[in-house]
Amino acid sequence: AYYTAVDSGQQFLDHKHTMIEISCILNGSGSYTCGQIDYYFSPGCIFYNCSNEKHYFSWFEGNENPALLVLQFDPCFILSPNSEWSCPLYQKLFVRDNTISRILPSGSKAAQEIVCLLNQMFDECKNHSPAYELMVKAKLMTILATLVRHFDSDLEKGTISVTDRRHLENCRSSIFSIA
């Protein structure tokens, strides 16, 4: 987990990366684009982005640039079939063609819980207390379970497209080629 503030020169830079990203808006408001959808954000909103999904700030309201608390992790952490952390519902949550919203509004119980967990993870990483790595993993799993609970009815209905099935298989096969 790490903290970053968006520079005004970067605000509209669309980008993607292989990591899964969960972000908490600490301050500022405006529009954030995930995939092809624009979402209005304000402090306390949570966004999650799939691996290789374009995302960026579309515009800011007022003069305040947003500050974020951002967590990025390798999708193999939850997509590896042999991982004790793997879960089919996580796979549905983190596929690109998913129709599930990429935002948790700031007033939702799930967003408030995730904000608290992200702050705790950041503190663990900053303080390096004994077993902090295990605490960070445990908090990440709690964040993922909170996301699954929040989107439970949408996840039960959703299916994984052929394209995303191939993407998941590529992630899995890359795990075995590295090992």
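Residues numbered from 1 in each chain as written. Predicted model: local features only at pLDDT ≥ 70, side-chain atom pairs only at ≥ 80, totals over all residues. Heavy atoms only, no water.

Caption draft 1: Highlighting the packing of helix H3 (residues 109-127) against helix H4 (residues 132-150). Interaxial distance between H3 and H4 falls to 9 Å at its minimum, and their mutual angle equals 165°. Between H3 and H4, the crossing angle belongs to the class labelled roughly antiparallel. Pair H3 / H4 crosses with left-handed handedness. Contacts between H3 and H4 involve Ala110, Glu113, Ile114, Leu117, Leu118, Gln120, Met121, Glu124 and Cys125 from the first element and Tyr132, Met135, Val136, Lys139, Leu140, Thr142, Ile143, Thr146, Leu147 and His150 from the second. In the contact of H3 with H4, the residues fall into 12 nonpolar, four polar and three charged. (Axes fitted to C-alpha atoms, helices over the stretch in contact; angles between N-to-C directions. Helix = DSSP H or I, 4+ residues; strand = E, 2+ residues; numbered from the N terminus. Parallel < 35°, antiparallel > 145°, perpendicular 65-115°, else oblique. Left-handed = near helix turned anticlockwise from the far one by under 90°. Contact = heavy atoms within 4.5 Å. Nonpolar A, V, L, I, M, F, W, Y, C, P; charged D, E, K, R; others polar.)

Caption draft 2: Looking closely at the pattern of salt bridges. Going through the model one piece at a time under the given rule, you end up with three salt bridges. Here lysine 109 and glutamate 113 are joined by a salt bridge, their closest N and O atoms 3.7 Å apart. Placement of both lysine 109 and glutamate 113 in helix H3 is noted, with a separation of four residues, approximately one turn of the helix. Since its relative accessible area comes to 32%, glutamate 113 is described here as partly exposed. Its salt-bridge partner being lysine 126, residue aspartate 123 comes within 3.8 Å of it at the nearest N-O pair. Here aspartate 123 pairs with lysine 126, and both are found in helix H3, just three residues apart, close to one helical turn. (Salt bridge = Lys/Arg side-chain N within 4 Å of Asp/Glu carboxyl O. Buried < 20%, exposed > 50% of the residue type's maximum accessible area, 1.4 Å probe, protein only.)

These values are about where atoms sit, not about what they do.
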